[in-house]
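Below are the chains, spelled out letter by letter.
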Amino acid sequence: MMMTKMNRSFRALSAGAALTLLTMAVPSAFAATPKDTLVEGFAFDDILSMDPAEAYELSAAEVTGNSYSLLVRLDINDTSKIQGDLAESWSVSDDHLTYTFKLKPGLKFASGNPITADDVAWSFERVVKLDKSPAFILTQFGLTGDNVTEKAKATDPSTFTFTVDKPYAPSFVLNCLTATVAEVVDKKLVLQHVKPVTPSADNKYDNDFGNAWLKTGYAGSGPFKLREWRANEAVVLERNDNYYGDKPKLARVIYRFMKESSAQRLALENGDIDVARNLSPTDLAAIEKNAQLASTNAPKGTIYYVSLNQKNANLAKPEVQQAFKYLVDYDAIGKTLIKGIGEIHQTFEPKGMLGSLDENPFKLDVAKAKELLAKAGLPNGFSVTMDVRSIEPDTGVATSIQQTLGQAGIKVEIIPGDGKQKLTKYRARNHDIYFGNWGNDYWDPHSNADTFTNNPDNSDAGTNKTLAWRNTWTTPELDKETKAALFEVDTAKRGAMYQEIQKKYLDASPFVFLFQQTEVAGYRKDVKDFKLGPSFDTNFVWPVSK
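Residues numbered from 1 in each chain as written. Predicted model: local features only at pLDDT ≥ 70, side-chain atom pairs only at ≥ 80, totals over all residues. Heavy atoms only, no water.

## Concerning the sheet that holds strand β7 (residues 159–163)
Read across the sheet, four strands follow the order β4-β5-β7-β6 without closing on themselves; strand pairing throughout is antiparallel. What marks the edges here is a single partner per strand, and that holds for β4 (87–92) and β6 (152–156). Strand-to-strand twist across the sheet, computed as the mean angle between neighbouring axes with direction ignored, equals 25 degrees. Taken together, the five bridges between β4 and strand β5 (residues 98–103) define a ladder with antiparallel strand orientation. In the strand pairing of β5, Ala-87 is matched with Leu-103. Across the sheet, helix α4 (residues 117–130) is in contact with β5, β6 and β7; its angle to β6 comes to roughly 170 degrees. (Pairing = 2+ DSSP bridges. Helix = DSSP H or I, 4+ residues; strand = E, 2+ residues; numbered from the N terminus. Axes fitted to C-alpha atoms, helices over the stretch in contact; angles between N-to-C directions. Contact = heavy atoms within 4.5 Å.)

In structure tokens, the structure reads:
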């Protein structure tokens, strides 16, 4: 009886008070989570910002994907299709240059402000003028700070037009608009939080477009609204009662920061959390044997890879790059470290994507790797560092690679750290070797092909900070082929073009592709309709109930 009363009282708590209790060090007295609240154990130490114009991390995208709206969204039941979100309908001009979107009537932001085409236009404008990491998804269409107000504009309160610079395949343009950077923000609300900025070489404008506030603030219209983000502690979402679609069944969702798989499993078994998100193969197997728990999985468009920074003279040698691809024990990694949570995949387009290449030509071959190292003038190997996020399976896979590289004389010092530390160093091009993952910015093959081949300015001052740029690598011919594929409207031909690019990439590149993620989650059986989406921003929680 006492526990029942406690749980009833707990359910009546505000989100802030509930968060405080849920993140206490000793939560056993409140083991049952509130009936109207979903609590997920989740390692989200990669979050740097919650501003859609700046957020470029997998975990942040999941949060904004549940709390912001877009003109159009990926159809998660058929990823070859696009469906309207704020847009009721859209049309493409015959010359494939102008896209016209009609908004649904009566839309409101969580603040209560009406959603108009002007909000959409201003959202595009602030992305382009802020020019943060994900801005290239929009600026690749020819948008600049000088022309964005003409190229992306409201022609009336319910009509938004977007004019691109070249006749791209329409599917490519629409897929780009499903990216989180295209999420629509509440112009009226954000303008209340704008800070003045002194114009400089890095910032041409006299204000921050509300970026400082939106790093932790919220100005969206999605099913949930962001109440709070505490770095490496918790993210709290609350139901948005102004949402225009099907209302969430839950009052709130709390992502509780938990880094270790074993801790998530224990908390799930004890009822301290409803969902465990970062499970090792061992803990997943234990959950599947527990009658009170269940599990789910989904193939994800997330690729794990090792990248070699060309600033390091040894890593810049083509023979060394190829040797690395023969110094990974793919079979052992597949059978143990990623069993049930990943699948060996050695190219950059994930399975399920147009243009995916299902070829895995590399196997552990130390003798061949030694021949290549000798050819590179490094018969005795060399010493190098590897930056790795302190989370599984990353550390386990990195340790395996460290051991096999050592068999060829390459001595690797692993430098662990949290997601923010590793990303900051990686984006500054200060690493030797980086082990991490990459998820498509939008569900189109160009997303990955572009970031792995495009690097127009390889200087440290370069502004197009793709993965090719982060690793100081240029490949002009493959970049040219990647851009050509943008204009092929025949789907089959376009897919074949991306496959050919990947075949050439296998032969010569400083990237070692390891596996594609199979995302898994364990959950308590009173949780209903919990599903994982095909991409990192489509793990939707608004259909979930308990």
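## A look at the nonpolar core
With 99 residues, the main nonpolar core has Phe-101, Phe-124, Phe-160, Phe-162, Phe-172, Val-235 and Tyr-255 as its most contacted residues. The element that contributes the greatest number of residues to this core is α4, accounting for eight residues. Not counting residues up to four positions away in its chain, the partners in contact with Phe-162 are Leu-97, Thr-98, Tyr-99, Phe-124, Phe-141, Leu-143, Lys-151, Ala-152, Val-173 and Leu-177. One finds Ala-276, Leu-293, Leu-315 and Ile-433 within the second-largest nonpolar core, a separate group that totals 51 residues. (Core = buried A, V, L, I, M, F, W, Y, C linked by side-chain atoms within 4.5 Å. Buried < 20%, exposed > 50% of the residue type's maximum accessible area, 1.4 Å probe, protein only.)

## What to know about helix α16 (residues 419–427)
Of the residues making up α16, those classed as buried are Gly-419, Lys-422, Leu-423, Tyr-426 and Arg-427. End-on view of α16: buried residues confined to an arc of 125 degrees, all on one side of the axis. Those residues of α16 hidden inside the fold are in contact with β12 (293–308), β14 (383–389), β15 (411–417), β16 (433–439) and α18 (467–470). Measuring from the backbone nitrogen of Lys-420 back to the side-chain oxygen at the start of α16 gives 3.2 Å, which picks out Asp-418 as the cap. (Arc of directions from axis to C-beta. Polar contact = N/O pair within 3.5 Å; in protein donor to acceptor, adjacent residues only side chain to side chain.)

## Quick notes on the packing of helix α12 (residues 318–325) against helix α14 (residues 366–375)
A pair of packed helices is captured by two measures, namely the crossing angle of their axes and the spacing between those axes. Taken N-terminus to C-terminus, the directions of α12 and α14 make an angle of 170 degrees; their axes are 8 Å apart at the nearest point. On the basis of their axis angle, the class for α12 and α14 is roughly antiparallel. Crossing angle aside, the handedness with which α12 passes α14 is left-handed. Contact residues: α12 offers Glu-319, Val-320, Gln-322 and Ala-323, while α14 offers Ala-369, Leu-372, Leu-373 and Lys-375. (Parallel < 35°, antiparallel > 145°, perpendicular 65-115°, else oblique. Left-handed = near helix turned anticlockwise from the far one by under 90°.)

So far we have only geometry, and geometry alone does not tell us how the molecule works.
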